[in-house]
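# Geometric and topological summary
So you can see what is in the structure, the chains are spelled out below.
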Amino acid sequence: MKKLIALLLVLAMALTLAACGGETAPETTAAPAETEAPAETEATEAAEAPAGDVKVSVFWYEESDVYLSSVRDALNKELDALGVTYDNQFAANDQAKQLDQIKTAIAGGSNLLVVNQVTSGAADTAEDILNAAGEIPVIFFNRAIGTDGSELPVLEGHANTCFIGTDAPEAGHMQGKMIGEYVLANYDDIDVNGDGSISYAMMKGDEANIEAIYRT
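All of the points below concern the structure found in this document. All figures in this text were calculated on a predicted structure; none of them were measured in a lab.

### Digging into the side chain of Asp191
If you trace the backbone, Asp191 turns up in the loop between helix H8 (187–190) and helix H9 (210–215). Look at Asp191: it is buried, it has no salt bridge, and the nearest opposite charge is Lys177 at 23 Å. Residues contacting Asp191, with those up to four places away along its chain left out, are Gly196, Ser197 and Ile198.

Pasting the structure below:
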């Protein structure tokens, strides 16, 4: 278990680094632990320890997402460097299918689960995944698992679990600030008909994605 926790820390760092391509710094929310070893020490132990008995299953909400393809490449590279056995599974945007994949992976001996949950902001779905995992460590990433912008209530009571993602409301504020500064600096060019007002269209991502909602 100690090796799995250490590997969880290493992969958390790998996913965090992969997420740093955006403007918003990623945040990591971990379930409270009774005892905590320094992250750097644990990560070093994971890198040095034999990884032959560790089997990681990574679950993606779908395969075609361009951003997540870059995250997958970074994660695969890290797992290859560690000599860890792993597999990538794609749910084709079907939450029921993903939950079945997770249960099958557990039955097949996977002892670390990395989950890009299909249904964003569905705390009950995250609970189902954690309950199925039992004592198996779980890393949720990218798509929110909390319904109110906070992941901690979902993680409480589940050891060896964390969430890696962005602060969605903060991302919205940052984008708004950037747009506002651009408009002020280029007002005459943007006001193409010279009527003193700016017309715009707001584009939002997945209608059911809680992070897209908070950012918008």
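On we go.
### Describing the packing of aromatic side chains
Within the structure shown, the criterion is met by 1 aromatic pair. Arranged with centres 5.2 Å apart and planes meeting at 85°, the rings of Trp60 and Phe141 form a pair that is edge-to-face. Note that Trp60 is positioned in strand E2 (residues 55–60) and Phe141 in strand E5 (residues 138–141), a separation of 81 residues in sequence. A residue is classified by how much of its surface remains accessible, and Phe141, at 3% relative accessible area, is buried. Cation over ring: Arg72 sits above Trp60, and NZ or CZ is 5.0 Å from the ring centre. Directly above the ring of Tyr61 sits Arg143, whose terminal nitrogen or CZ lies 4.0 Å from the centroid.

### So, the nonpolar core
Counting 19 residues, the largest nonpolar core has Val56, Trp60, Val114 and Phe141 as its most contacted members. If you tally residues by element for this core, the top one is helix H3 (residues 66–82), at 5 residues. In this structure, Phe59, Ile102, Ile136 and Val154 belong to the second largest nonpolar core, which totals 17 residues.

Basis of the calculations
- Residues numbered from 1 in each chain as written.
- Predicted model: local features only at pLDDT ≥ 70, side-chain atom pairs only at ≥ 80, totals over all residues.
- Heavy atoms only, no water.
- Helix = DSSP H or I, 4+ residues; strand = E, 2+ residues; numbered from the N terminus.
- Buried < 20%, exposed > 50% of the residue type's maximum accessible area, 1.4 Å probe, protein only.
- Lys, Arg positive; Asp, Glu negative; His and termini not counted.
- Salt bridge = Lys/Arg side-chain N within 4 Å of Asp/Glu carboxyl O.
- Contact = heavy atoms within 4.5 Å.
- Phe/Tyr/Trp six-rings, centres within 6.5 Å; stacked < 30°, edge-to-face > 60°.
- Lys NZ or Arg CZ within 6 Å of the ring centre and 35° of its normal.
- Core = buried A, V, L, I, M, F, W, Y, C linked by side-chain atoms within 4.5 Å.

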